[in-house]
Amino acid sequence: MNADQWDEMYRSRDRLFSGNPNGVLVTEITDLSPGRALDVGCGEGADALWLARRGWQVTGIDISETALRRAAASATDVEDRVAWERADLMTTPPPAGAFDLVSVQYFPLLRRAGQAAPRGLLDAVAPGGTLLFVTHALADLPPHPEGDFDPAGYYQVDDIARLLDRTWDVLVDETRPRVVPPPAGTHHAHDTVLRARRLP
């Protein structure tokens with residue numbers, strides 16, 4: 001989907017998502033000291049706002065202007081701790097070494113030759129920082145792709161894990177039941193989670 005299609009999807013409803021932070025983020029990040037965070041594909045901002053309200057300095061990026069406007073409208077209490085940026089990771093990587101946390105929650109990261117987009121996300125993690133990459137478990141998906149969506153065309157946790165070298169410490173690499181019910185009308189009962197720390 002391009003930016004116009006994402007905008008159209010967000011405009012089709014007053015709110016597309018629940019407004020609650022993703023359960024894996026809450027579970028995995030609560031023990032970290034606040035720092036600089038990048039929320040990839042921030043949508044309407046629930047994760048970015050949850051982080052900002054816990055002391056993080058957050059950059060939320062998304063391709064949809066509509067989503068970013070909604071996120072900013074909800075951020076009046078933390079507007080000094082969160083910045084909203086329109087960005088397309090397929091063409092523009094985030095700044096290298098800039099974030100203590102890079103959170104990628106169910107983001108449809110399209111496969112491309114050269115792996116520039118996922119490598120850009122890894123490079124954005126500062127020494128000592130954390131990468132949290134979460135996808136829906138492939139086993140929960142129907143055996144045949146729905147519509148134009150083929151999960152094989154997108155990076156999965158295993159793909160990202162294979163990009164990690166000896167400068168990373170993998171803390172979590174597993175599939176586990178979701179901590180909240182799946183979105184209505186979906187098959188997503190399990191999450192696949194990668195949490196890794198870049199060595200100082």
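Use the structure listed above.
Counted residue by residue, strand β4 (residues 99-105) has six buried out of seven residues, so it is predominantly covered. Judged from the four bridges that link them, strand β1 (residues 36-40) and β4 form a sheet pairing that is parallel. Paired with Leu38 across the strands is Val102, a residue of β4. Regarding topology, helix α5 (residues 116-123) serves as the crossover connection from β4 to the parallel strand β5 (residues 125-136), and that connection is right-handed.

Quick look at the environment of Arg86 now. Take Arg86: it is sitting in strand β3 (residues 82-86). As a C-alpha pair, Arg86 and Glu65 span 21 residues in sequence and 6.6 Å in three-dimensional space. Among the polar contacts listed, one links the side chain of Arg86 to the backbone oxygen of Ile63, at a separation of 3.1 Å.

Turning our eyes to something else, we now look at the side chain of Asp191. Tracing the chain through its elements places Asp191 in strand β7 (residues 190-198). A polar contact of 2.8 Å, which involves the side chain of Asp191, links it to the side chain of Tyr106. Excluding its chain neighbours within four sequence positions, the residues that come into contact with Asp191 are Val24, Tyr106, Val134, Thr135, His136, Ala137, Glu174, Thr175, Arg176 and Arg178.

Looking now at α5. Two residues of an α-helix separated by three or four positions point the same way, owing to the 3.6 residues in each turn. Considered for burial, the residues of α5 that qualify are Ala117, Pro118, Gly120, Leu121 and Leu122. Those residues of α5 that are buried are in contact with β1, β4, β5, α6 (157-163), β6 (168-177) and β7.

Position of Glu85 among the secondary structure elements: in strand β3. Distance in space between the C-alpha atoms of Glu85 and Glu65 is 8.8 Å, their sequence separation being 20 residues. In contact with Glu85, other than residues within four places in its own chain, are Thr59, Gly60, Ile61, Asp62 and Leu68.

Now for the sheet that holds β3. Here we have seven strands laid out as an open sheet, ordered β3-β2-β1-β4-β5-β7-β6, and mixed in their pairing. A single partner strand is all that each edge strand has here, and the edge strands are β3 and β6. Each adjacent strand pair in this sheet contributes to an overall mean axis angle of 15°, direction not counted. In this fold helix α4 (residues 65-73) packs onto β2 (57-62) and β3, with an angle of close to 170° to the strand it touches most, β3. Sheet strands touched by α5: β1, β4, β5, β6 and β7. Its angle to β5, the strand with the most contacts, is close to 135°.

Our next topic: the pattern of salt bridges. In this structure the tally under the stated criterion is 10 salt bridges. Between Arg176 and Glu28 there is a salt bridge, and its shortest N-O distance comes to 2.7 Å. Pair noted here: Arg176 is in strand β6 and Glu28 is in helix α2 (residues 23-29), with a separation of 148 residues, a long-range link. We classify Arg176 as buried; its relative accessible area is 17%. Note on Glu28: relative accessible area 7%, which makes it buried. Here Arg70 ties to Glu44 by a salt bridge, and the two come within 2.8 Å at their closest N and O atoms. Of this pair, Arg70 sits in helix α4 while Glu44 is found in the loop between β1 and α3 (46-52), placing the two residues 26 residues apart along the sequence. Assessed through its relative accessible area of 21%, Arg70 is described here as partly exposed.

About the cut-offs
Residue positions are counted from 1 within each chain, in the order its sequence is given. With pLDDT at 70 or above as the cut-off, local features in this predicted model cover only qualifying residues; side-chain atom pairs require 80 or more to be listed or tallied, and sums for whole chains, interfaces and linings still use all residues. Hydrogens are left out, water is left out, and the side-chain values use all remaining heavy atoms of the structure. Any residue under 20% of the maximum accessible area for its type is buried, any over 50% is exposed, and the rest in between are partly exposed; the area is computed with a 1.4 Å probe on protein chains only. Think of it this way: any DSSP run of H or I at least four residues long counts as a helix, any run of E at least two long counts as a strand, and we number them from the N terminus. In this analysis, strands are considered paired if DSSP registers two or more bridges between them. Crossovers are marked right-handed if the path from the first strand over the helix to the second runs clockwise, as seen with the strands pointing away from the viewer. Under this definition, polar contacts are N or O atom pairs within 3.5 Å; protein pairs additionally need one hydrogen-donor-capable and one acceptor-capable atom, and for neighbouring residues in sequence, both atoms have to be side-chain atoms. Two residues form a contact once any of their heavy atoms are found within 4.5 Å. In this analysis an axis means a line fitted to C-alpha atoms, helices contributing only their contacting stretch, and an angle means the value between N-to-C directions, from 0 to 180 degrees. Salt bridges, as used here, are contacts in which a Lys or Arg side-chain nitrogen is within 4 Å of a carboxyl oxygen on Asp or Glu.

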